[in-house]
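A look at the structure
Chain residues, written in single-letter form:
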Amino acid sequence: MHVPDILLSNEIESALKSELIGKYVFLFDEVDSTNTKARELAEKGYDEGTVIMAENQSKGRGRLGRVWVSPPGVNFYISIILKPELVPAKATRITMLVAVAVASVLRKTLSLPVTIRWPNDILVRDRKLGGILIEMDSEMDRVNYVVIGIGINVNMDISILPDGLQKTATSIKRELGHEVKRIDILIPLLKGIGYWYRVYKKDGIHPVLNEWINLSSILGKRIRLSTPKKVIEGKAEGIDEDGRLIIGFPDGSFELASSGDVTVIK
Ligand code: BTN
């Protein structure tokens, strides 16, 4: 018999009541995008740590204006409001700490070889399991709030994806060969994000950066970076404190990249 895997906001809130992240949880059946909903709530003054989730997104969005395929009832579509004291140029630090939290919690709870592909893809065995989309409201010199959106493919059958994505995407179900109960992953995930946010606020970006480097799938490899303006090839040498990728070239020169898509050259 198939038991429906239902998430309940009060169950989530009571598991997280002493945590910064998850004290307030909004769980919708359907929204256009949880990031849009989170921005609306942030504008209304909702606190840092408010979590907005949905079972279904009609207009889930990814990086660079892409669509995030969001079938109902099987995945995670999560957005979190945070109010870090930061200048806008350093907001990528929040993406980095969330990527570290997501990858390390999924490794621990599922024993899967989860890695991070710059800038913020969550991979298992070179296929995309999840992604992170940061959006913010800021002044010149300070961030008012950030919304950090996390999409993770959990119990989704890959066969529902458009052809082009079937070779490059994966889900927890596909990797483990069976479905999981989402609440068993969700609570450690939100606690893990809270943990890394505290580490970052207390000790700065360096512990996050070190862990990001440990979890990276591309550092030390030859890569191709594609941006709307150009395609470059070089070696992924490292990542700097603001999340920029350091690409090295045979003549000893370097370039810093802030956005784009990376593929490893085999
Ligand atoms: C990417 O890899 O391009 C980022 C994908 C981010 C998807 C999540 S799902 C929850 C939140 N709401 C959205 O519309 N997008 C993010």
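Sequence order sets the numbering: in each chain, residues are counted from 1 along the sequence as written. In view of the model being predicted, local features appear only for residues whose pLDDT reaches at least 70, and side-chain atom pairs are presented and counted only at 80 or more, with totals across whole chains, interfaces and linings using the full set of residues. Neither water nor hydrogens contribute to the side-chain values; these are computed over all heavy atoms in the structure.

A negative phi angle characterises most non-glycine residues, just as the trans form characterises most peptide bonds. A cis geometry characterises the amide bond from Trp-118 onward to Pro-119, with omega recorded as 5°. Within the fold, Pro-119 resides in the loop between β4 (114-117) and β5 (121-124). Phi is positive for Arg-125, close to 45°, though the residue is something other than glycine. The helix count covers DSSP runs of H or I at least four residues long, the strand count covers runs of E at least two residues long, and both are numbered beginning at the N terminus. Within the secondary structure layout, Arg-125 lies in the loop between β5 and β6 (127-138).

Here the focus is the side chain of Thr-115. Turning to its location among the elements, Thr-115 is positioned in strand β4. Burial here depends on accessible area, computed with a 1.4 Å probe over protein chains only, as a share of the maximum for the residue type. Under 20% is buried, over 50% is exposed, and the range in between is partly exposed. On the accessibility criterion, Thr-115 (17% relative accessible area) is buried. Only heavy atoms enter the contact rule, under which two residues are in contact if any of them lie within 4.5 Å. If sequence neighbours within four positions are ignored, Thr-115 has contacts with Arg-107, Asp-121, Ile-122, Leu-123, Leu-215 and Ser-217.

Pairs of strands are assigned from DSSP output, requiring at least two bridges between the strands. Strand order across the open sheet formed by 5 strands is β11-β10-β9-β8-β12, with antiparallel pairing between neighbours. Looking at which strands have only one partner, the edges of the open sheet turn out to be β11 (254-257) and β12 (261-264). This sheet shows a mean twist of 45° between the axes of neighbouring strands, independent of strand direction. Where strand β8 (residues 222-226) lies against β12, 4 bridges are found, and the strand directions are antiparallel. Bridge assignment links Leu-225 to a residue of β12, and that residue is Val-262. In this analysis an axis means a line fitted to C-alpha atoms, helices contributing only their contacting stretch, and an angle means the value between N-to-C directions, from 0 to 180 degrees.

Our next topic: the pairing of β6. Here β5 runs beside β6; their pairing, made up of 4 bridges, is antiparallel. The residue of β6 that forms the bridge with Asp-121 is Gly-131. The hairpin turn running from β5 into β6, its antiparallel successor, is 2 residues long, and Arg-125 in that turn takes a positive phi close to 45°. Pairing geometry for β6 and strand β7 (residues 143-152), over 9 bridges, is antiparallel. Bridge pairing links Ile-134 to Ile-148 in β7. Counting the residues between successive antiparallel strands, the hairpin from β6 to β7 contains 4 residues.

The values are spatial; any link to function lies outside them.
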